[in-house]
Each structure stands twice: as structure tokens, then as C-alpha cells.
Amino acid sequence: AVVSTQSGHYGRGSFSLKLAIVKLRAITVIKELKERAAQMYDVQQEWLGQRFKKEMESIRTMCDMLSDVIESEKAVLPQVLLSDDTFMVDMGYKMFDPPIPPPTEAPIEIPTPDVFTIAQIQELHKNLKEIAPSGFISLDLLVEMFEPPAFLPEMWMNVTSQQLEEIFSRHLCETKYVNWQIVLVSCLLPIPLPNQKQLIDTVNQYKKIDKLQSGRVDMAGYAQGDLWFIGDLVLSPEGSSQFDRLGHLKTTIFTLLCDDSYTVDFTDFLLLFCADPEPGNGALKALSVVTGEQVDWPQYIESPEPAKEFDCVPGSIPSIAGAEAEFPIKSIPITLEQLLRVVSFNRMQTASLKLIQEEIIGVFGELQNSDGTADVGSILVHPKGRDIVLHTPSYLLIDYRTLLMESAVQDSKFVDRVGQPLV
């Protein structure tokens, strides 16, 4: 029993001794590692300090050099390099300004044989304004301006004087003079023609822009408004931009219609673009512009054709009460001044026009309400009022291009004279 107790005591003592040796060894290793880490840290700090010092010296040297160059106002031709911590001047490498790339050429409008280019329209406007600054040009002089060698599309180069006279005589009414603004509008085709809603929206825009309520806008105010057509960026198959005709037309239209003070009467501008191949529709557009309301033909009128009129006793107004009750329409008031503006727009002050003005004043007087206005629908139903409105020549738009193409189809010799296809 005594031997067993001594053996157990000896075993525990041996284990404790071994554990103490391991602990001492571990402490020694950790101490060595800490000393090595401290030495490495000191070395790294010394390296960083040396590099930072070299970088600062390089930057200072470069700044000194650049300062001398700036003060001497001389170009630095050698290549100056600051690579990491080293500043170098490579005398074998010369620095020059990179070549300026050539500016991108603005797309130009490619002439076509049957459509006026923007440049041709501007040239035509310039000539018309010089020859007829009043806005009215005689038929003979207008025909002479469109005779070769005029600055016109190729299709026009082979048109005879007789054909020109037949085309432009469609604009005539009362006199042998033509308002050349409507000629320019016909030359602008093909462009989208506005409907009544688009015209009303446009005139309302310009009324808001016109803070002085003068009825006119300058170029800046005109540019703020949105017309019934917009330009679009078109790219060619090669990726280059093509000429945006509609986008350029907005600016061109202003230059065609502005006065010497570079302002435009936006109501007259929109009345001009009320022109329609069907003059009755053009007159309705004009009424919508001055009233700000959409004007429709009364449903109880069989047709808007001016040839169809109501039978009535002379000096009396046809009874339409029953028709109005059956087909109620929106009442649209119009003043005498607005009605006269629609009827007299872009027409010469002649005895014939004065008679028409007196007749429409008489019609207005018959239909006038207590507030001094008359209803547009009643004026359109009145035989005399309807006849005057439908026969207003200012709103007839003549498509020269279509007329010339129809002539080309009928005249084979005309086709042979034109070098390129017409469509």
C-alpha cells in the first residue's frame, strides 16, 4: 500500500513538470514572434517613410520645373513622367497637342425633283418680298418668277408658261393679284396639315406666351410653342444623322412670316395654315381659330357644298327652329370683328370685298344676340352667310406637286424632259 501511494504521487509530479516545460516553451516562442513582428513593423515604417520622402521630393521637383515653364511662358515639349516615386523628363519624347478632329458636318437637304428644299423656299421668299413687299403679286409677274432658269425643283424647270398660269390662276379672286404667302404655303408641301383641335391648342399656347396680349410673339416666344408637327432625328444606315426637314420648317416658317421687327401675328399665322384642299373645311378651321372652339357643320345641313342652298323667301331667314330642336348643336359665339377677320383674311381691299363685308355685317346684324355676338351655327345655316364663308378664297390650298404630277402623267413629253423619276 505504501508503494502504490508513492507511485501515484510520482505520476502527478511528472505531469506537472511536463506542463510547466510546455508553458515555458510557449512563452519563449510567443516572445520571439512579438520581437520579430516589432522589428518588421519598424522596417516597414522606415520603408514607407523613405518612399513618402522620395515621392514628395519628386513632386516638389516637378512643381519647380512646371513653375519655371509657366513663368517663362514656354511649352513643355519633353515628356514629363511621374511614375510611382520617380520623376523623369524624357528628352527623346516630344509632347504636342493632339490634332483637333474635324467637326461633324451638319446634314444637308438632298434636292428632289418634285419638292422644294428649305433653301429654295427661302430664296423664293426673298425674291417675292423684294418684288412685291405689299404681299400681293400680279399673276403675270408670279408666272415670270417661276419660269426657268428660276431657283426651283427640277420638275418646275420644264413647266410651260401656260401651265404656270393655269396653276396660279386657281388663287385668283376678284383681281389679277395673288397673295404670295399662300403660294409659299403650297410650296412647303408635303407637310402635315393641322386639324381644328391642333390649331386651337396652338393658338391657346401662344396666347399664354403673349403676356402683353398684343397678339404677336417674337422668335423666342414662337419657339416655345409646339406646332402640330415635330421634327425627328433620322439616322442613315451608316449611323450618320439625316436632314430633319420638319424640324427646320418650324424656324423657316417664322422667317417667312415675321415683319421687320421680327415678330409674327400668331392668329394670322394660324389662319394662313387653315388652308385646305377643300376651302369649306379651311373656313371652318379659321372660325375655330378665332373663336377657340371646334366648329362643325350643323347636322341639319345636307352638305357643306356651296352649291346646295336653302330655298327661302327673299329678305327672310329660313326657319331652323325644328331642325335645331332635332339636332341640338353647341352654341359658339363669335364677334363681328372676328367674323370680318375670317372673311377678309389675306384679301385685297377692293370694291368687291367691301360689298362682301357689308353683306356679312348685314347677316351678323340679323343674327346678333343681346350680348353683341352671333352664333356660328346660325351664320352657317343662313344662306348668305353660308355662301360667303364657303366662298372665302383665302383658305384654298393648292397642291402644286400633285397638279404637276398629274400633268406629267397626261403629257408623256413632260416625263421625258424630267431627268429623274417624279415619285
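Residues numbered from 1 in each chain as written. Predicted model: local features only at pLDDT ≥ 70, side-chain atom pairs only at ≥ 80, totals over all residues. Heavy atoms only, no water.

Thoughts on the environment of His171
Relative to the helices and strands, His171 resides in the loop between helix H4 (161-168) and strand S4 (177-179). For His171, a relative accessible area of 12% gives the class buried. Between the C-alpha atoms of His171 and Leu397, which are 226 residues apart in sequence, the distance is 8.7 Å. Not counting residues up to four positions away in its chain, the partners in contact with His171 are Val178, Ile182, Val183, Ser186, Ile398 and Tyr400. (Helix = DSSP H or I, 4+ residues; strand = E, 2+ residues; numbered from the N terminus. Buried < 20%, exposed > 50% of the residue type's maximum accessible area, 1.4 Å probe, protein only. Contact = heavy atoms within 4.5 Å.)

Topic: empty space enclosed by the protein
Taken as a whole and judged by the stated rule, the model has 3 cavities of 30 Å³ or more. For the largest cavity, the calculated volume is near 210 Å³. Taken together, 15 residues form the lining of the largest cavity, with His171, Asn179, Asn346, Arg347 and Pro393 sitting closest to its centre. With 3 residues, S4 is the largest single contributor of residues to the lining of the largest cavity. Each pocket or cavity is described by its volume, and for the second largest cavity that value is around 60 Å³. When the residues that make up the lining of the second largest cavity are grouped by side-chain class, the tally is 6 nonpolar, 1 polar and 3 charged. (1 Å grid on protein atoms, 1.4 Å probe; cavity = no way out; pocket = protein on both sides within 12 Å on 5 of 7 lines; lining within 4 Å. Points joined across faces, edges and corners; volume = space filled by probe spheres on them. Nonpolar A, V, L, I, M, F, W, Y, C, P; charged D, E, K, R; others polar.)

Describing the environment of Ile131
In this structure, Ile131 sits in helix H2 (residues 118-131). Taking the C-alpha atoms as reference, Ile131 lies 8.9 Å from Leu141; in sequence the two are 10 residues apart. Sequence-distant contacts of Ile131, defined by excluding residues within four places in its chain, comprise Ile137, Leu141 and Met145.

Quick notes on the packing of H2 against helix H8 (residues 245-257)
Close contact between H2 and H8 brings their axes to 11 Å; oriented N to C, the two are set at 10 degrees. Taken as axis vectors, H2 and H8 run roughly parallel relative to one another. Judged by residue contacts, Ile118, Ile121, Gln122 and His125 of H2 engage Arg245, His248, Leu249, Thr252, Thr255 and Leu256 from H8. Partitioning the contact of H2 with H8 into residue classes produces 4 nonpolar, 5 polar and 1 charged. (Axes fitted to C-alpha atoms, helices over the stretch in contact; angles between N-to-C directions. Parallel < 35°, antiparallel > 145°, perpendicular 65-115°, else oblique.)

Thoughts on the confidence of the model for the protein chain
When the pLDDT values of the protein chain are averaged, the result is 80; 78% of them are 70 or greater. When pLDDT is averaged over each element of the protein chain, helix H9 (residues 266-272) comes out on top at 94 and helix H11 (residues 321-326) at the bottom at 40. Here residues 305-328 is a poorly scored stretch, pLDDT under 50, and it has 24 contacts once near neighbours within four places are set aside; other chains count. (pLDDT = per-residue confidence, 0-100.)

Quick word on the packing of H2 against helix H5 (residues 180-188)
As a packed pair, H2 and H5 sit with axes 11 Å apart at the nearest point and diverge in direction by 170 degrees. The orientation of H2 relative to H5 falls into the category roughly antiparallel. The segment H2 lies against H5, with Ile121, Leu124, His125, Leu128 and Lys129 engaging Trp180, Leu184, Cys187 and Leu188. Class assignment for the residues of the contact of H2 with H5 results in 7 nonpolar, 1 polar and 1 charged.

Digging into H8
Between its first and last C-alpha, H8 extends 18 Å over 13 residues, near the 18 Å set by a 1.5 Å rise per residue. The largest bend in H8 amounts to roughly 30 degrees and is located at Thr251. Along H8, the positions that sit buried rather than exposed are Arg245, Leu249, Lys250, Thr252, Ile253, Phe254, Leu256 and Leu257. In this structure, the buried side of H8 is in contact with H2, H5, strand S5 (216-218), helix H7 (219-224), strand S6 (263-265) and H9. (Expected span 1.5 Å × (residues − 1). Bend = angle between axes of the 7 residues up to and from the residue.)

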